Amino acid sequence: MEYEELAKAYETLESTSKRLKKTRIISDLISKTRDEDLEMIVLLLRGKVYPDYDTTEIGVASRLVLKAISVATGYDAKQIERLWSKKGDLGLVAEDLTRKKAQSTLFSGSLTVKEVFTNLRKLSGLEGSGSVDQKVKVIASMLSSAKPLEARYIVRSVLQDLRVGVAEGTIRDAVAWSCLGVNPNYDEETETINPENREEYNESLAIVQKAIDKTNDSGLVARIARKGKSELEKLKLVLGKPVKVMLAQKSNTIEEAFKSVGKPAAVEFKYDGFRMLISKEDDKIKIFTRRLEEVTHQFPEVKEYVLKNVKAKDCVIDSEAVGYNSKTGKYTAFQNISQRIKRKYDIDRLAKELPVELNVFDILYVEGEDLLEKPFSERRKVIEKIVNEEEKKIVLAKQIVTSDEKEAQEFFDESVKLGNEGLMFKKLDAEYKPGSRVGYMVKFKSAMDELDLVVTGAEWGEGKRKGWLTSLVVACAGEEGFLELGRVGTGLKEKREEGLSFDEITEMLKPIITDEKGRDVKVKPKIVISVRFEEIQKSPAYSSGYALRFPRVVALRSDRSPEEITTLEEVEDAYYNQKKQ
Ligand code: AMP
């Protein structure tokens, strides 16, 4: 397929916010796509060149793209920068300049989807000395053959910021519409669908969703979907490839928690560590965070515990790694062990200084069998059978099964006394829904005094903080995007040894700057941090309508993605709950 056809589809997608219309556009495009282009198209529609299970990034900073635009169009960096700050989008800048250049030269380029896809992947593989120049060359060569509209989307794809608003659910529906032959009877006027057979329609969507859940690869799912429903149903979880973990809803009282998951419920300690999804394929162990990043190398001791204590040849387990004080044995909070996730050196020493205990709480696969659709109570029995518990190494999440609120309250007190966050309530007959916050598990914590927020901006420091980004703009998740809650600089440290430092956060934010005005910068919403505060206030100054009083950075949450941060609803809840106290 010509890349121009995809670029035109992007443009129509960008011009509407209607979800069903987007589904129609994508479904039509997929129908037109030949088998050999299908996986690429499905990934590119979400601005990706790797399936979701693969977290490889294209890894090109805005500055470098700016240089490539300059090489391809002949405009100098200063001019491009001026345009950039006017338009706030390098994609539009590239489009503009490509158009101007095309007017003065005889333009004859053409690009296929495959060429762009291959070049984008090439970028992610370039590392080390000379790679900067090579990257500029690859991008400039694409831009030189691009038509103006193509240039817009090439640049945005390189920057991994496509801005056409295609969610995974839209791809799922479009795959069902186009590959499984279900007719939604979409009416553009009213933005409604009216399938002839609703039941069959919903079933088709569910089959595609399950296939995506298991493989974490919507491109592959689209390809298999063309062969029919029964082929899709044969897809299985693949060892070594991470799936998205199931997420928890929140409740404010024990009564509410029981209401969500039913009685009796499994009630477990909620440990304050971080999620580990572990795949065991004989003696091959892979450990993933909830962002699906592989951290096997950083946790050699966990790998050993699993090899020694998990009595299944093949399995995928879900667990929480919790730090404890190596002298007293007491659990410590997440922020004390957070550095272990990113650290690439001194691994063994760090493992001794900041040891973790693995608390296994779920299982997704065992000996060739998917357990996703089995009830939680059965999955728990499987882990009870295969995990050989060893204190301070690998244990099962402490659990009781009860219908009694008083008993749950006592269990909560016990949990908190041991340094845990609270409790997790789980629906006994629920399946495992990857990536969903469906309410099959519900967390209950004592007080909301910490929020996970995404950084959307910052300010260049002055005086002794010159060269560092300070005063981070933080935001929570709204229905349609991120909503700001204020600025925070307190809590960031001068030195790396002391915690999340100014220079470390600057290093992370600098490559993802999307806009700069004076000392203020905007960044791509990618970095998640935990923030403590004294109080939440109503405030018209920020887009969330709320502001944090005395906010303080507690830790970098590199294990969390921006899709998993505190929601506006949770902020509102916390606001009203503090009023009651
Ligand atoms: P939150 O991060 O506050 O949304 O709470 C959900 C997280 O709690 C999960 O992603 C796990 O990392 C963690 N967690 C701790 N203990 C458990 C448990 N027993 N069962 C499930 N998740 C747990």
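Definitions and cut-offs
Residues numbered from 1 in each chain as written. Predicted model: local features only at pLDDT ≥ 70, side-chain atom pairs only at ≥ 80, totals over all residues. Heavy atoms only, no water. Salt bridge = Lys/Arg side-chain N within 4 Å of Asp/Glu carboxyl O. Helix = DSSP H or I, 4+ residues; strand = E, 2+ residues; numbered from the N terminus. Buried < 20%, exposed > 50% of the residue type's maximum accessible area, 1.4 Å probe, protein only. Near = heavy atom within 4 Å. Polar contact = N/O pair within 3.5 Å; in protein donor to acceptor, adjacent residues only side chain to side chain. Areas by Shrake-Rupley, 256 points an atom, 1.4 Å probe, with all protein chains shown as cover. Nonpolar A, V, L, I, M, F, W, Y, C, P; charged D, E, K, R; others polar. Domains from an automatic or database assignment. Contact = heavy atoms within 4.5 Å. Buried area = accessible area lost by both parts, 1.4 Å probe. Pairing = 2+ DSSP bridges. Axes fitted to C-alpha atoms, helices over the stretch in contact; angles between N-to-C directions. 1 Å grid on protein atoms, 1.4 Å probe; cavity = no way out; pocket = protein on both sides within 12 Å on 5 of 7 lines; lining within 4 Å. Points joined across faces, edges and corners; volume = space filled by probe spheres on them. Phe/Tyr/Trp six-rings, centres within 6.5 Å; stacked < 30°, edge-to-face > 60°. Lys NZ or Arg CZ within 6 Å of the ring centre and 35° of its normal. Parallel < 35°, antiparallel > 145°, perpendicular 65-115°, else oblique. Left-handed = near helix turned anticlockwise from the far one by under 90°.

**Q** Could you give an account of the pattern of salt bridges, naming the residues involved and the relevant values?
**A** Going through the model one piece at a time under the given rule, you end up with 67 salt bridges. Put simply, lysine 214 and aspartate 370 hold a salt bridge, and the shortest N to O gap is 3.3 Å. Residue lysine 214 is found in helix H11 (residues 198-215), and its partner aspartate 370 is found in strand S7 (residues 369-370); the two are separated by 156 residues along the sequence. For lysine 214, a relative accessible area of 11% translates into the label buried. With relative accessibility at 17%, the residue aspartate 370 sits in the buried group. With its nearest N and O atoms 3.2 Å apart, the salt bridge here joins aspartate 520 to arginine 487. Of this pair, aspartate 520 sits in strand S16 (residues 520-523) while arginine 487 sits in strand S14 (residues 481-488), and the two are 33 residues apart along the sequence. You can call aspartate 520 partly exposed: its relative accessible area is 35%. Residue classification places arginine 487 among the partly exposed positions, given a relative accessible area of 32%.

**Q** Got a sec to walk through unusual backbone geometry? Specific residues and values, please.
**A** In this structure, proline 264 follows lysine 263 across a cis peptide bond, with omega equal to -10°. Positive phi outside glycine occurs at asparagine 185, with the angle close to 50°. Within the element layout of this structure, asparagine 185 appears in the loop between helix H10 (168-179) and H11. With a phi angle near 40°, glutamate 367 is a residue other than glycine that sits in the positive phi range.

**Q** Residue-level account of the site of the ligand, with values.
**A** Around the ligand, the structure places 15 residues, and the nearest of them are Arg275, Glu320, Lys426, Lys443 and Arg560. Between an oxygen atom of the ligand and a side-chain N or O atom of lysine 270, the distance comes to 3.2 Å. Contact between the ligand and lysine 445: an oxygen atom at 3.5 Å from a side-chain N or O atom of the residue. Coverage of the ligand by the protein amounts to 97% of the 490 Å² it exposes when considered alone. Those elements that provide at least two residues to the shell around the ligand are strand S2 (265-270), strand S10 (422-426) and strand S11 (441-445). Its residues assigned to classes, the shell around the ligand shows six nonpolar, no polar and nine charged.

**Q** Can you tell me about the domain arrangement of the protein chain, naming the residues and giving the values?
**A** Partitioning the protein chain into structural domains gives domain 1 (3-158), domain 2 (168-232), domain 3 (256-444) and domain 4 (451-580). Of note, the centres of domain 1 and domain 2, computed from C-alpha atoms alone, are 28 Å apart. Counting residues at the interface gives 22 residues for domain 1 and 26 residues for domain 2. Between domain 1 and domain 2, roughly 2,200 Å² of surface is buried when both sides are summed, and carbon and sulfur atoms account for 60% of that area. Contact with domain 2 buries area across many residues of domain 1, yet Arg19, Leu20 and Glu39 alone supply 26% of it, more than any other trio. Here domain 1 is connected to domain 2 by four salt bridges. Glutamate 188 is paired through a salt bridge with lysine 21; the nearest N and O atoms lie 3.5 Å apart. Across the contact surface, domain 1 and domain 2 share 13 residue pairs in polar contact (both at pLDDT 80 or more). Contributing elements (two or more residues each) for the side of domain 1 that touches domain 2: helix H2 (19-32) and helix H3 (35-44). Among the elements that make up the side of domain 1 that touches domain 2, the one with the highest residue count is H2 (10 residues). In terms of residue class, the side of domain 1 that touches domain 2 is made up of eight nonpolar, four polar and 10 charged.

**Q** Can you lay out the pairing of strand S17 (residues 528-532) for me, pointing to particular residues and giving the numbers?
**A** Most of S17 is tucked away, with four of its five residues classed as buried. Across five bridges, strand S12 (residues 450-460) lies against S17 in antiparallel orientation. Counterpart to leucine 451 in the pairing with S17 is valine 531.

**Q** Talk me through the sheet that holds S2; I want residue IDs and the actual numbers.
**A** Within the open sheet, the five strands sit side by side as S1-S11-S10-S2-S9. Their pairing is mixed. Edge positions in the sheet fall to strand S1 (249-250) and strand S9 (399-402), since each has one partner strand and no second. Of the pairings in the sheet, the one linking S2 to S9 comprises four bridges and is antiparallel in character. Across the sheet, residue alanine 265 finds its bridge partner in S9, namely threonine 402. Its contacts with the sheet place helix H14 (residues 254-261) against S1, S2, S9, S10 and S11, and it is angled at close to 25° to S10.

**Q** How would you sum up empty space enclosed by the protein? Please name residues and give values.
**A** Empty space among the atoms can be located by rolling a probe the size of a water molecule over them. Taken as a whole and judged by the stated rule, the model has four cavities of 30 Å³ or more. The volume enclosed by the largest cavity comes to roughly 120 Å³. Every residue lining the largest cavity is counted, 15 residues in all, and those nearest its centre are Leu90, Leu159, Asp161, Arg163 and Thr514. Domain assignment of the residues forming the lining of the largest cavity places at least three in each of domain 1 (3-158) and domain 4 (451-580).

**Q** Provide a residue-level description of the packing of aromatic side chains, including the pertinent values.
**A** Inspection of every chain in the model, using the stated rule, returns 12 aromatic pairs. Taken together, the ring pairs connect Phe269, Tyr271, Tyr331 and Phe411 into an aromatic cluster. Seen from the ring of phenylalanine 258, lysine 263 lies directly overhead, with NZ or CZ sitting 5.2 Å from the centre.

**Q** Give me the packing of H10 against helix H12 (residues 218-225): which residues, what numbers.
**A** In contact at an axis separation of 10 Å, H10 and H12 are set at 15° when each is read in the N-to-C sense. Comparing the axis directions of H10 and H12 gives the class roughly parallel. Like other packed secondary-structure pairs, H10 and H12 cross with a definite hand, here right-handed. On H12, the residues that touch Ile171, Val175 and Cys179 of H10 are Ser218, Ala222 and Ala225. Its residues assigned to classes, the contact of H10 with H12 shows five nonpolar, one polar and no charged.

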